[in-house]
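What follows is each chain in one-letter form.
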Amino acid sequence: MMANVAERIIVPLDVPTMEDAIALLDAIPEVTFWKVGLELFVSAGPAILEQLKQRQKRIFLDLKFHDIPNTMAGACRAAGRHGVDLVTVHAPAGGAALKAAQIAALEGAAQADCPPPTLIAVTLLTSISNRDLAYELKVSLELTDYATQMALLAQDSGLGGIVCSPQEANELRRICGDDFLLICPGVRPTWAAMGDQQRAMTPAQAMAAGASYLVIGRPITQAPDPAVALQKICDEIVAPG
Ligand SMILES: O=c1ccn([C@@H]2O[C@H](COP(=O)(O)O)[C@@H](O)[C@H]2O)c(=O)[nH]1
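All values derive from a computational prediction rather than experimental measurement. (Residues numbered from 1 in each chain as written. Predicted model: local features only at pLDDT ≥ 70, side-chain atom pairs only at ≥ 80, totals over all residues. Heavy atoms only, no water.)

## Examining the packing of aromatic side chains
The criterion, for reference: In summary, the pairing rule links any two rings of Phe, Tyr or Trp, Trp by its six-membered ring, whose centres are within 6.5 Å, and it sorts them by plane angle into stacked for under 30 degrees, edge-to-face for over 60 and tilted for everything else. Runs of H or I in DSSP of at least four residues are treated as helices and runs of E of at least two as strands, each being numbered from the N terminus. Partly exposed describes any residue whose relative accessible area lies between the buried limit of under 20% and the exposed limit of over 50%, with all areas from a 1.4 Å probe on protein chains only and scaled to the type maximum. Whether a charge lies above a ring is judged from NZ of Lys or CZ of Arg, which has to be within 6 Å of the ring centre and within 35 degrees of the ring normal.
For the structure shown, the criterion picks out one aromatic pair. Seen in terms of ring centroids, Phe 33 and Tyr 213 are 5.3 Å apart; in terms of plane orientation they differ by 85°. Their pairing is edge-to-face. Here Phe 33 is found in strand β2 (residues 33-36), whereas its partner Tyr 213 is found in strand β8 (residues 213-215), with 180 residues between them in sequence. Of the two residues, Phe 33 and Tyr 213, neither departs from the other in class, the shared state being buried. Above the plane of the ring of Phe 60 lies Lys 35, whose end atom (NZ or CZ) is 5.9 Å from the centre. The ring of Trp 191 carries Lys 232 above its face, with NZ or CZ at 4.4 Å from the centroid.

The structure is reproduced here in structure tokens:
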């Protein structure tokens, strides 16, 4: 397995319990970067972060905070104390909330004497289609223009990156520059089911579009053999068919 490719794949621990999470960690020890989302954090709490640290894994705490500035700051300060690598907020919370969140995340890390997390903002969930944006959310901008506005809002607010679909990664990389993290879920090998993802690309396409990291869940975690699925994805990135 090409180490540098595998290290750019973040696998979500989208499972209901701590026991399920540990089984997944043990099934694919090759994974260096794990994502803890709402389901597992609400179920298992911060203890899952300790399990990951004991295994020297990198941690993406994906709780997608979206609230008023004071509440966002409190949540990000607490997240900063956990010593995780990445923390998510929603960009449409607005510039005041994003700035407050960024400052608070650094404060939390300093209080706990741990490295500060990189705060990243979700531009537009990858489960939202062009049609959903226009007809359900009543956003009149073109989807790429909306994602660009959210990315620039995050960058201007001092955040270190965004979560975006690989379909917008090329344009957002051009606009936001090389030092801004682009974390891309919505990644599907040709042999995997799309599920609820609406704006997806293959792993090789997503890397080529400028993603810093790919978030790939069900194609790996629900495969008959997750380690084989991970290896297949790495091979496809290195030598696209
Ligand atoms: O826009 C977003 C933001 C976050 N996610 C998260 O990524 C994974 C994707 O899992 P798959 O099984 O590969 O679909 C999941 O944890 C989401 O919460 C996203 O998909 N889109």
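## As for the pattern of salt bridges
Counted only if it meets this: Any carboxyl oxygen of Asp or Glu within 4 Å of a side-chain nitrogen of Lys or Arg constitutes a salt bridge here.
This model, assessed by the stated rule, comprises eight salt bridges. Shared partners join several salt bridges into a network, and the residues in it are Lys 35, Asp 62 and Lys 64.

## Some thoughts on the UniProt feature "active site" (unreviewed entry) in the protein
Going by this rule: UniProt positions are given in the numbering used here, feature names are shortened, and annotations may be inferred rather than shown by experiment. Only heavy atoms enter the contact rule, under which two residues are in contact if any of them lie within 4.5 Å.
Mapped onto the present numbering, the UniProt feature "active site" (unreviewed entry) falls on Lys 64. Mapped onto the fold, Lys 64 is located in strand β3 (residues 58-65). A residue is classified by how much of its surface remains accessible, and Lys 64, at 25% relative accessible area, is partly exposed. Lys 64 has contacts with Thr 88, Val 89, His 90, Val 122 and Leu 125, leaving out every residue within four places of it along the chain.

## Remarks on a negative patch on the surface
As a reminder, the rule being used: A patch is a set of surface residues, each over 30% in relative accessible area and not in a salt bridge, joined within 9 Å for like charges and within 5 Å for the nonpolar side chains Val, Leu, Ile, Met, Phe, Trp and Tyr. Accessible areas in this description were obtained via Shrake-Rupley with a 1.4 Å probe; residue shielding takes into account the shown protein chains only. None of His or the chain ends enter the tally, which takes Lys and Arg as positive and Asp and Glu as negative. To locate a charge, take atom NZ for lysine, CZ for arginine, CG for aspartate or CD for glutamate.
Among the surface-exposed residues, Asp 14, Glu 19, Asp 20 and Glu 39 lie close enough to one another that they form a single negatively charged patch. Within the secondary structure, Glu 19 sits in helix α2 (residues 18-27).

## Section: the nonpolar core
Side chains of a nonpolar character, in soluble globular proteins, are inclined to be buried together. For the record, the criterion: As used in this record, nonpolar core signifies buried Ala, Val, Leu, Ile, Met, Phe, Trp, Tyr and Cys residues forming a set joined through side-chain atoms within 4.5 Å.
Ile 9, Leu 13, Trp 34, Ile 48, Leu 61, Val 89 and Leu 214 are the most contacted members of the largest nonpolar core, which totals 68 residues. The biggest single contributor to this core is helix α8 (residues 143-156), with six residues. Filtering out sequence-adjacent residues up to four positions away, Leu 13 remains in contact with Ala 21, Leu 24, Leu 25, Trp 34, Lys 35, Val 36, Leu 40, Ile 48 and Leu 52. Residues Phe 33, Leu 86, Tyr 213 and Val 215 belong to the second largest nonpolar core, which totals ten residues.

## Considerations on the sheet that holds strand β7 (residues 181-184)
Where we set the bar: In short, DSSP must find at least two bridges between two strands for them to pair. For helices, the fitted line uses only the C-alpha atoms of the stretch in contact; every axis is such a line through C-alpha atoms, and the angle between N-to-C directions lies from 0 to 180 degrees.
Spatially, the eight strands close up into a barrel ordered β1-β2-β3-β4-β5-β6-β7-β8, and their pairing is parallel. Here the average twist between neighbouring strands, direction ignored, is 25°. The pairing of strand β1 (residues 9-12) with β2 spans three bridges and is classified as parallel. Looking across to β2, one finds that Ile 10 is bridged to Phe 33.

## A look at the state of the cysteines
We apply this condition: Here, a disulfide means two cysteine sulfur atoms that sit within 2.5 Å of each other.
This model, assessed by the stated rule, comprises zero disulfides. Not engaged in a disulfide, the cysteine Cys 164 finds its nearest cysteine sulfur in Cys 184; these two sulfurs lie 3.9 Å apart. Exposure remark for Cys 164: the relative accessible area of 0% places this residue in the buried category. Sulfur of Cys 176: no disulfide; nearest cysteine sulfur belongs to Cys 164 and is 8.5 Å away. The class of Cys 176 is buried, set by a relative accessible area of 8%.

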